[in-house]
Amino acid sequence: MPAPFAFPGQATLMIKKFNFLIERTAYVVFVLGVICGALMTTLIFISTLMRYLGGYPLRFSDELAGLLFLSLTFLCLPHVLDKGRHIRIEILMNLVPAPAARIMDAVGTLTLIAFCLIFAIEAWSFMGFSYAINSRTDISSLLLWPWMAIMPFSMLLCLLVQLRHGISQPLSEKNPAEDIH
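Rules used throughout
Sequence order sets the numbering: in each chain, residues are counted from 1 along the sequence as written. Residue-level local features of this predicted model are given only where pLDDT is at least 70; pairs of side-chain atoms are given and counted only at 80 or more, and the full residue set underlies all totals for whole chains, interfaces and linings. Side-chain metrics in this entry use all non-hydrogen atoms of the structure; hydrogen atoms and water are not considered. A pair of aromatic rings is counted whenever rings of Phe, Tyr or Trp (Trp by its six-membered ring) have centres within 6.5 Å, and the orientation is called stacked for planes under 30 degrees apart, edge-to-face for over 60 and tilted otherwise. We count a stretch as a helix when DSSP gives it H or I for four or more residues in a row; a strand needs E for two or more, and each element gets its number in order from the N terminus. Each residue is assigned to one of three classes by its accessible area relative to the maximum for its type, calculated with a 1.4 Å probe on protein chains only: buried under 20%, partly exposed between the two thresholds, exposed over 50%. A helix is expected to span 1.5 Å multiplied by its residue count minus one. Pairs of residues are marked as contacts when any of their non-hydrogen atoms sit within 4.5 Å. As used in this record, nonpolar core signifies buried Ala, Val, Leu, Ile, Met, Phe, Trp, Tyr and Cys residues forming a set joined through side-chain atoms within 4.5 Å. Here an angle of 0 to 180 degrees is reported between the N-to-C directions of two axes, which are lines fitted to C-alpha atoms, with helices fitted over the stretch in contact. Angles are sorted into four bins: roughly parallel if under 35 degrees, roughly antiparallel if over 145, roughly perpendicular if 65 to 115, and oblique for all others. Left-handed describes a crossing in which the near helix is turned anticlockwise from the far one by less than a right angle; the clockwise case is right-handed. Three classes are used, and their members are as follows: Ala, Val, Leu, Ile, Met, Phe, Trp, Tyr, Cys and Pro are nonpolar, Asp, Glu, Lys and Arg are charged, and the others, Gly among them, are polar. Each salt bridge in this description consists of a side-chain nitrogen of Lys or Arg and a carboxyl oxygen of Asp or Glu lying within 4 Å of one another.

Participant: Would you take a moment to explain the packing of aromatic side chains for this structure?
Facilitator: The geometry of two aromatic rings is summed up by the distance between their centres and the angle between their planes. Scanning the model with the defined rule gives 4 aromatic pairs in all. Between the aromatic rings of Phe74 and Phe119, the centroid separation amounts to 5.7 Å while the plane-to-plane angle is 35°, which identifies the pairing as tilted. Taken as a pair, Phe74 in helix H2 (residues 61–82) and Phe119 in helix H4 (residues 98–132) lie far apart in primary sequence, 45 residues in all. Given a relative accessible area of 14%, Phe74 falls into the buried group. Look at Phe119 and you get partly exposed, because its relative accessible area is 25%. Seen from their ring centres, Tyr131 and Trp145 are 5.0 Å apart, and the 85° between their planes marks the pair as edge-to-face. In this pair, Tyr131 sits in helix H4 while Trp145 sits in helix H5 (residues 145–148), placing the two residues 14 residues apart along the sequence. On the accessibility criterion, Trp145 (28% relative accessible area) is partly exposed. Aromatic rings pair up to connect Phe74, Phe115 and Phe119 into one cluster.

Participant: Even after reading the chapter, I still don't get H4, so can you show me in this structure?
Facilitator: Since the α-helix packs 3.6 residues into each turn, any two residues three or four apart lie on the same face. Helix length check: H4, at 35 residues, gives a terminal C-alpha distance of 50 Å against a target of 51 Å (1.5 Å per residue), a fit within 8%. Along H4, the residues that are buried comprise Ala101, Asp105, Thr109, Cys116, Ala120, Ala123, Met127 and Ser130. Residues of H4 that are buried make contact with helix H3 (91–95), H5 and helix H6 (150–165). Just downstream of H4 lies Asn134, where phi reads positive at about 55°.

Participant: Would you take a moment to explain the side chain of Ser61 for this structure?
Facilitator: For Ser61, the position within the fold is in helix H2. Overall, Ser61 belongs to the buried group, its relative accessible area being 4%. Apart from residues lying up to four places away in sequence, Ser61 is in contact with Leu43 and Ser47.

Participant: Looking at this structure, I do not really get the environment of Thr73. What am I missing?
Facilitator: Positionally, Thr73 belongs in helix H2. A C-alpha to C-alpha distance of 9.4 Å links Thr73 and Met151, two positions 78 residues apart in sequence.

Participant: Sorry if this is basic, but what is going on with the nonpolar core here?
Facilitator: Nonpolar side chains in soluble globular proteins tend to end up buried together. Grouped together as the largest cluster of nonpolar side chains are 27 residues, with contacts concentrated most on Leu43 and Leu68. At the level of elements, helix H1 (8–54), H2, H4 and H6 are the ones that each hand at least two residues to this core. Those residues in contact with Leu68, other than ones at most four positions away along the chain, are Cys36, Leu39, Met40, Leu43 and Trp147.

Participant: Teacher, can you tell me more about H6 here?
Facilitator: In a regular helix each residue adds 1.5 Å, so 16 residues correspond to 22 Å; H6 covers 22 Å between its end C-alpha atoms and thus fits that length. Of all the residues in H6, the buried ones are Ile150, Met151, Pro152, Ser154, Met155, Leu157, Cys158, Leu159, Val161 and Gln162. In the segment just after H6, Gly166 is the residue with positive phi, at about 80°.

Participant: Mind showing me how you'd approach the packing of H4 against H6 here?
Facilitator: Between two packed helices, the angle of one axis relative to the other and the distance separating the axes together describe the packing. Two elements in contact, H4 and H6, have axes separated by 8 Å at closest approach and are oriented at 155°. The orientation of H4 relative to H6 falls into the category roughly antiparallel. By crossing handedness, the relation of H4 to H6 is classed as left-handed. Touching Thr109, Leu112, Ile113, Phe115, Cys116, Leu117, Phe119, Ala120, Ala123 and Trp124 of H4 are Met151, Pro152, Met155, Leu156, Cys158, Leu159 and Gln162, all from H6. Here the contact of H4 with H6 is composed, by residue class, of 15 nonpolar, 2 polar and no charged.

Participant: When you look at the pattern of salt bridges in this model, what are you seeing that I'm missing?
Facilitator: Side chains bearing opposite charge may pair, as long as their charged atoms lie close to each other. Taken as a whole and assessed by the stated rule, the structure comprises 3 salt bridges. A salt bridge links Glu23 to Lys83, with the shortest nitrogen-to-oxygen separation between them at 3.3 Å. Linking Glu23 in helix H1 with Lys83 in the loop between H2 and H3, this pair joins segments that are 60 residues apart in sequence. Judged by its relative accessible area of 23%, Lys83 is partly exposed. A salt bridge links Asp82 to Arg164; the nearest nitrogen and oxygen atoms lie 2.4 Å apart. With a gap of 82 residues between them, Asp82 in helix H2 and Arg164 in helix H6 connect regions that are remote in the sequence. One salt-bridge network, in which partners are shared between bridges, spans Glu23, Asp82, Lys83 and Arg164.

Okay, here's the thing in structure tokens:
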């Protein structure tokens, strides 16, 4: 009877492909989030100019800016998590011995996994309800469910990113002191 993996190199290759796919997907989604942020900033700038120079702001600018902010936030999360650039409180990790720090890191990772899973399930239900009632924004009548779909997608991608890194949280490639200018 042949072994499940006749060629051990195939399993390694599949893992490398999975890692590459998750990393690239998180990066592409990050770029889309940055574009949403730029669009949001431009929209707010144009609306402000129109308010003060023309007397009338864009009617839909507040709604669309809010949806673009939601997109910016949730689309950037997976890449930031993947690169270990998220906010973390390390004071306790630095005060305890290394074995305790590893346990704390594992607890933090399991908490992240539970949060992402619960959030994705609840956001999916919320999005499904929005789809069922054909929910729209008040002023511009934009469909809301496509924007809400970003939330469970982001959380599932965060889960895959964490799976890529295993039980420990990804560490930043930069020294935190380099961020201070």
